[in-house]
Amino acid sequence: MGVCNRTPDSFSDGGRFLDDAAAVAHVRGLVIEGAHILDIGAESTRPGSSPIDAAEQIRRIGGLIRASVELGAVVSIDTTLPDVAAWALGEGARIVNTVSLEPAAELGALCAHVGASLVLMHCRGSMTDMRGFSMYDDAAYGDVVADVAREWTEAAERALAKGLPREDLVLDPGLGFAKNVRHSIELCARLDELAKLGFPVLVGPSRKSFVARAANPDASVIAPPEDRLGGTIAAVLACVARGAAIVRVHDVKAVVQALAVAKAIDARRGGDA
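Looking up the protein chain in an unreviewed UniProt entry gives the name dihydropteroate synthase, with the organism given as Polyangium mundeleinium. Under the Pathway (unreviewed entry) heading, UniProt states for the protein chain: "Cofactor biosynthesis; tetrahydrofolate biosynthesis; 7,8-dihydrofolate from 2-amino-4-hydroxy-6-hydroxymethyl-7,8-dihydropteridine diphosphate and 4-aminobenzoate: step 1/2." Taken from UniProt, the Catalytic activity (unreviewed entry) comment for the protein chain reads in full: "(7,8-dihydropterin-6-yl)methyl diphosphate + 4-aminobenzoate = 7,8-dihydropteroate + diphosphate".

Here you go:
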């Protein structure tokens, strides 16, 4: 899953793809590099970000969904608002990706009605209330994997009760969202436990601060987003090895290459040298 943010303030690429031509060129490049899904959003999820209403999200996205569909891509709309999701599905999107569990029932009903898939990401509270990147009380979770599984399952049941088929529901543990570094690393290390819930698992470690903090925990200043590719790939490979079915990344070409090499190595396990 390749990322295209039509926002002025996203933590990694805010402002780069507001221009229509730049956005279309970007999604075309993601497809060429090997993205199977394009995740398009118009509201930043950085800590402290302000909510963007439906009309403005739709205005920002404009014709990009239709252009992406014409490229042959499966399109995901990254939004928590049912009105935006309904509009995007009408434009040709086939997946709704929400970074909040709150609208699970309403989005589940919408996706069930039109035959779309729903990605539910675990998070606690709004982006506005988040204190900072990978900043969260360590004691907020008893067992972070068990707590995420329980809270996500409760939301999933609300979506399923609205008629959404189980095969159209995807679990995202929400790495970095209402979680500190230890929480996110623990989720990566034990992702197989979440995969056992029986839903496809999507992970989004791309360029996140927990990657930089885990790589250099004693640094007073962490590496900026553009310098986190190595850590992103390490997290992706670890999560795929533990059952992740979808990885949401900014650097599609590098991650596709890393996954291909890992697959080739795994295929030779036990074979001739």
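A. Expanded view of the overall build of the protein chain. If you tally the helices and strands in the protein chain, you get eleven helices and eight strands. For the protein chain, the C-alpha radius of gyration of 18 Å lies close to 19 Å, the compact-globule estimate for 273 residues. Its C-alpha atoms give the protein chain principal-axis dimensions of roughly 50 × 40 × 40 Å. Evaluated residue by residue, the protein chain yields a buried proportion of 49% over its 273 residues. Relative to all contacts within the protein chain whose residues are 6 or more apart in sequence, the contacts with residues 24 or more apart total 66%. Accessible area for the protein chain stands at about 12300 Å²; split by element, carbon and sulfur atoms hold 53% of it. Of the side-chain charges in the protein chain, 28 are positive and 35 negative, and the distance between the mean point of each set is 3 Å.

B. Region of the structure containing the packing of aromatic side chains. Applying the stated rule across the entire model yields two aromatic pairs. Between Trp 152 and Phe 199, the ring centres sit 5.0 Å apart and the planes meet at 70 degrees, which makes this aromatic pair edge-to-face. With Trp 152 in helix H6 (residues 144-160) and Phe 199 in the loop between helix H8 (191-195) and strand S7 (202-203), the pair connects residues that are 47 residues apart, well separated along the chain.

C. Inspection of the sheet that holds strand S4 (residues 95-98) at higher detail. The six strands lie next to each other as S1-S2-S3-S4-S5-S6, forming an open sheet whose pairing is parallel. Each end of this open sheet is capped by a strand with a single partner; those strands are strand S1 (2-5) and strand S6 (169-172). In this sheet, adjacent strand axes meet at a mean angle of 20 degrees when their direction is disregarded. As paired strands, strand S5 (residues 117-121) and S6 are joined by four bridges and run parallel to one another. Note that in S6 the partner of Met 121 across the bridge is Asp 172. Packed onto the sheet, helix H5 (residues 104-114) meets S4 and S5 and runs at close to 165 degrees relative to S5.

D. Structural detail: the pattern of salt bridges. Taken as a whole and judged by the stated rule, the model has 15 salt bridges. The partner of Asp 78 in a salt bridge is Arg 248, and the shortest N-O contact between them spans 3.4 Å. Within this pair, whereas Asp 78 is found in strand S3 (residues 74-78), its partner Arg 248 is found in the loop between strand S8 (246-247) and helix H11 (252-267), the two being separated by 170 residues in sequence. On the basis of relative accessible area, Asp 78 is assigned to the buried category, the value being 10%.

E. The arrangement of helix H7 (residues 181-189) in detail. Within H7, burial applies to Val 181, His 183, Ser 184, Leu 187 and Cys 188. What you see down the axis of H7 is that its buried residues fit within an arc of 170 degrees, all on one side. Elements in contact with the buried residues of H7: H6, H8, helix H9 (209-215) and helix H10 (229-241). Regarding H7, its N-cap is Asn 180, as a side-chain oxygen of that residue lies 3.1 Å from the backbone nitrogen of Arg 182 further along.

F. Spotlight on the state of the cysteines. By the definition in use, this model includes zero disulfides. Here Cys 188 is not cross-linked by a disulfide; its sulfur's nearest cysteine counterpart is in Cys 239, at 3.6 Å. Residue classification places Cys 188 among the buried positions, given a relative accessible area of 6%.

G. Geometry of the pairing of S3. A large share of S3 lies buried, amounting to four of its five residues. Examined bridge by bridge, strand S2 (residues 37-41) and S3 share five bridges and lie parallel to one another. Across the sheet, the residue bridging to Ile 37 is Val 74, located in S3. Handedness of the crossover is the feature at issue here: the chain leaves S3, passes through helix H4 (residues 82-91), returns alongside S4, and the resulting connection is right-handed.

About the cut-offs
Residues numbered from 1 in each chain as written. Predicted model: local features only at pLDDT ≥ 70, side-chain atom pairs only at ≥ 80, totals over all residues. Heavy atoms only, no water. UniProt positions renumbered as here; feature names shortened; annotations may be inferred. Helix = DSSP H or I, 4+ residues; strand = E, 2+ residues; numbered from the N terminus. Rg over C-alpha atoms; globule rule 2.2 N^0.38 Å. Buried < 20%, exposed > 50% of the residue type's maximum accessible area, 1.4 Å probe, protein only. Contact = heavy atoms within 4.5 Å. Areas by Shrake-Rupley, 256 points an atom, 1.4 Å probe, with all protein chains shown as cover. Lys, Arg positive; Asp, Glu negative; His and termini not counted. Charge placed at Lys NZ, Arg CZ, Asp CG, Glu CD. Phe/Tyr/Trp six-rings, centres within 6.5 Å; stacked < 30°, edge-to-face > 60°. Pairing = 2+ DSSP bridges. Axes fitted to C-alpha atoms, helices over the stretch in contact; angles between N-to-C directions. Salt bridge = Lys/Arg side-chain N within 4 Å of Asp/Glu carboxyl O. Arc of directions from axis to C-beta. Polar contact = N/O pair within 3.5 Å; in protein donor to acceptor, adjacent residues only side chain to side chain. Disulfide = S-S within 2.5 Å. Right-handed = clockwise from strand over helix to strand, strands pointing away.

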